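Analysis of the macromolecular model
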Amino acid sequence: MITKTRNQKAWFLVLPVILLVAFNAIIPLMTVVNYSVQETFGDNLFFWEGVRWFEEVLHSPRFHEALVRQLTFTGIILLIEIPLGVMIALQMPRSGPWVSVCLVLMALPLLIPWNVVGAMWNIFALPDIGLLGRVLNATGLDYNFTRDPLAAWVTVILMDVWHWTSLVVLLAYAGLSSIPDAYYQAARIDGASRWAIFRYIQLPKMKRVLTIAVLLRFMDSFMIYTEPFVLTGGGPGNATTFLSIDLVKTALGQFDLGPAAAMSLIYFLIILLLSWLFYTLTMRNEGH
Amino acid sequence: MSIRKWLVPGLYILFLMLPIYWLLNMSFKTTNEILGGFSLWPQEFTTENYVAIFTDPTWYNGYINSLIYVLINTVISVSVALPAAYAFSRYRFLGDKHLFFWLLTNRMAPPAVFALPFFQLYSAVGLFDTYWAVALAHCLFNIPLAVWILEGFMSGVPKELDETAYVDGYSFWHFFGRIFIPTITAGIGVAAFFCFMFSWVELLLAKTLTSVAAKPIAATMTRTASSSGYELGLLAAAGALTIIPGAIVIWFVRNYIAKGFALGRV
């Protein structure tokens, strides 16, 4: 770890970043805060409403349902993607000409625009002309993600696993590559089991990258909008209407600026709070 | 090469390739054939979907527009992040930790929250429907990411390098440009890769901030889907083409992608 010198002039080096991010973050955020405490009837007439919208959103069953759906979705994909990604990374050979090719192929889904991911899965899963839909129906299942909420959930989750597991694989693989060979040789001499090697050598070395993986997957899955919107449009009914989809429906569809702004702030605070909690808890464990 | 060694990664890659194969399969079919029935490969192989895209300016301009704002964003994000990351990795200053955390919180802001205020902000400053609007808006999440990645790489460079250079009489900017930046090219490559990636795949803000002149390819696709009925073949071909720029970029940084986040500090 580098010892840092105290130097207030460093502020000048950070200034461009602060200006650019502040322009993009603070002005829009203040706009949202502004809307969240006022009522408008158009014509730029605004009336002070105080915390009314916040109370309304916090008590609205619609928000609760979207939040529960969001938490369920994020929970499920974290439970699938993190272990699956670690497992695949463990099975990857550590060197060789094919490793680069594998990594490139695995990274491919990460670089496809999100609406294309949604559209791709749409035509992949359509019951009549999609490969997945056709195969599932051929096995005797009655699979139609546009009609059946359960099928829609399975499809959205499968799509997210397809889309993002590679990020976990890449990070875990990076963590594993940083382990010197000497560690494995020592373990072999001690006659350590496969599990012991994983538990006491590989897992600790991966801990830092896995923290990053969980944080990124948590944040991004909590903000998910485009992919499920293109795939299912939030349906059938409201079955896959996650928080962002619900928010855009309120803000742009119904033009309820006040409630939408209040919901935005609550939504943002939930992400901040959960990220902070997870981060503090992992770091505290590190201390012991 | 034993088969067992490659079994799990091989199966995983097969799973990844299936939807992509299906997209390619669709893109070489006529719309009639797609809606007419199910086949594992095109029966009447056609490239007319691709020809349609390359001859219609509303289509190919979408790709050009997207590439322009993605490149502007990558250049801005990385160049302002470089000095900032240096400051975070080398100096302690008033409020440094809070500032770093505040930057990262912007990575956690859902684009859906900011779509409407961004529209108003960029309309007010007269940038609506320009490449700059999207490029600057994407800075919201790409600058924090670039600072984070670069800071990790820079902390891996021993401080003796800086001190020796200053003793030798280098000025700060001279040292930074001539010595320091060349030593962290891998980090710059990784940061640029992630900026490119997140700007290229984002749609909600890019769509909100443009209407005609700077319309990204992703928005062209969604609007076509609704206006001209259900031209699946065309849509599939357009989708397949969006994979190519990403694939090229990954190939260039393939040896560094994995390292990128691994070196970033949490």
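Residues numbered from 1 in each chain as written. Chains lettered and ligands numbered in written order. Predicted model: local features only at pLDDT ≥ 70, side-chain atom pairs only at ≥ 80, totals over all residues. Heavy atoms only, no water.

**Re the domain arrangement of chain B**
All names here are of chain B. When cut into domains, chain B gives domain 1 (1-46) and domain 2 (55-263). Here domain 1 and domain 2 have C-alpha centroids that lie 31 Å from each other. Contact with domain 1, which involves nine residues of that partner, is made by nine residues of domain 2. Broken down residue by residue, the surface that domain 1 buries against domain 2 is led by L23, S27 and T31, which jointly contribute 56%. Run the count over domain 1 and domain 2 and you get zero salt bridges. Taken together, the connections running from domain 1 to domain 2 amount to zero residue pairs in polar contact (both at pLDDT 80 or more). Looking at which element gives the most residues to the side of domain 1 that touches domain 2, the answer is helix α1 (residues 3-27), with five residues. A class-by-class count of the residues in the side of domain 1 that touches domain 2 yields six nonpolar, two polar and one charged. (Domains from an automatic or database assignment. Contact = heavy atoms within 4.5 Å. Buried area = accessible area lost by both parts, 1.4 Å probe. Salt bridge = Lys/Arg side-chain N within 4 Å of Asp/Glu carboxyl O. Polar contact = N/O pair within 3.5 Å; in protein donor to acceptor, adjacent residues only side chain to side chain. Helix = DSSP H or I, 4+ residues; strand = E, 2+ residues; numbered from the N terminus. Nonpolar A, V, L, I, M, F, W, Y, C, P; charged D, E, K, R; others polar.)

**Regarding a nonpolar patch on the surface**
Together, A:W11, A:F12, A:L15, A:L19 and B:L94 line one region of the surface with nonpolar side chains, adding up to about 550 Å² of accessible area. Note on placement: A:L15 falls in helix α1 (residues 10-36). (Patch = residues over 30% accessible without salt bridge, like charges linked within 9 Å, V, L, I, M, F, W, Y side chains within 5 Å. Areas by Shrake-Rupley, 256 points an atom, 1.4 Å probe, with all protein chains shown as cover.)

**Re unusual backbone geometry**
Residues and elements named next belong to chain B. Of note in this structure, D129 is not a glycine but carries a positive phi near 65°. Structurally, the position occupied by D129 is in the loop between α6 (111-124) and α7 (131-155). On the accessibility criterion, D129 (14% relative accessible area) is buried. (Buried < 20%, exposed > 50% of the residue type's maximum accessible area, 1.4 Å probe, protein only.)

**Some points on the packing of helix α3 (residues 48-55) of chain B against helix α13 (residues 232-253) of chain B**
Residues and elements named next belong to chain B. For the pair α3 and α13, interaxial distance at closest approach is 9 Å and the crossing angle is 70°. It follows that α3 is roughly perpendicular to α13 by the angle criterion. Handedness of the crossing formed by α3 with α13: right-handed. For the pair α3 and α13, the contacting residues are N49, Y50, A52, I53 and F54 in the first and G233, L234, A237, A238, A240 and L241 in the second. For the contact of α3 with α13, a count of residues per class yields nine nonpolar, two polar and no charged. (Axes fitted to C-alpha atoms, helices over the stretch in contact; angles between N-to-C directions. Parallel < 35°, antiparallel > 145°, perpendicular 65-115°, else oblique. Left-handed = near helix turned anticlockwise from the far one by under 90°.)

**Looking at helix α11 (residues 243-253) of chain A**
Counting buried positions over the eleven residues of α11(A) gives eight, a clear majority of the element. Of the positions making up α11(A), those classed as buried are A:L243, A:S244, A:I245, A:D246, A:L247, A:V248, A:T250 and A:A251.

**Regarding the interface of chain B and chain A**
By a widespread convention, an interface's size corresponds to the accessible area lost as its parts come together. Taken together, the contact pairs 100 residues of chain B with 96 residues of chain A. At the junction of chain B and chain A, the tally comes to one salt bridge. With a closest N to O distance of 3.1 Å, B:R107 and A:D220 form a salt bridge. The element contributing the most residues to the side of chain B that touches chain A is α1(B), with 15 residues. In terms of residue class, the side of chain B that touches chain A is built from 80 nonpolar, twelve polar and eight charged.

**What to know about the packing of aromatic side chains**
Under the counting rule described, the total for this entry stands at 31 aromatic pairs over all chains. Centroid distance B:F88 to B:F100: 5.0 Å. Interplanar angle 75°. Geometry classified as edge-to-face. Of this pair, B:F88 sits in helix α4 (residues 57-90) while B:F100 sits in helix α5 (residues 96-107), placing them twelve residues apart in sequence. An identical accessibility class is assigned to B:F88 and B:F100; each is buried. When the ring of B:F114 is compared with that of B:F118, the centres are 5.7 Å apart and the planes differ by 10°; the resulting orientation is stacked. Taken together, the residues B:F114 and B:F118, both in helix α6 and four residues apart, mark about one turn of the helix. An identical accessibility class is assigned to B:F114 and B:F118; each is buried. Each residue in the set B:Y86, B:Y91, B:Y166, B:F172, B:W173, B:F175, B:F176 and B:F180 is aromatic and connected to the rest through ring pairs, giving one cluster. Its guanidinium or amino end placed over the ring of A:Y200, A:R199 lies 5.2 Å from that ring's centre, counting from NZ or CZ. (Phe/Tyr/Trp six-rings, centres within 6.5 Å; stacked < 30°, edge-to-face > 60°. Lys NZ or Arg CZ within 6 Å of the ring centre and 35° of its normal.)

**Notes on the confidence of the model for chain A**
Here chain A averages 86 in pLDDT, while 96% of its residues score no lower than 70. Summarising per-element confidence for chain A, the mean pLDDT is lowest in strand β3 (residues 46-48) of chain A (74) and highest in helix α3 (residues 61-91) of chain A (93). (pLDDT = per-residue confidence, 0-100.)

**Let's talk about the environment of B:I181**
The residue B:I181 is located in helix α9 (residues 172-183) in this model. The spacing of B:I181 and B:R4 is 177 residues in sequence and 43 Å in space, taken between C-alpha atoms.

**Some details on the environment of B:E151**
Positionally, B:E151 belongs in helix α7. Residues B:E151 and B:V167, spaced 16 residues apart in sequence, show a C-alpha to C-alpha distance of 24 Å.

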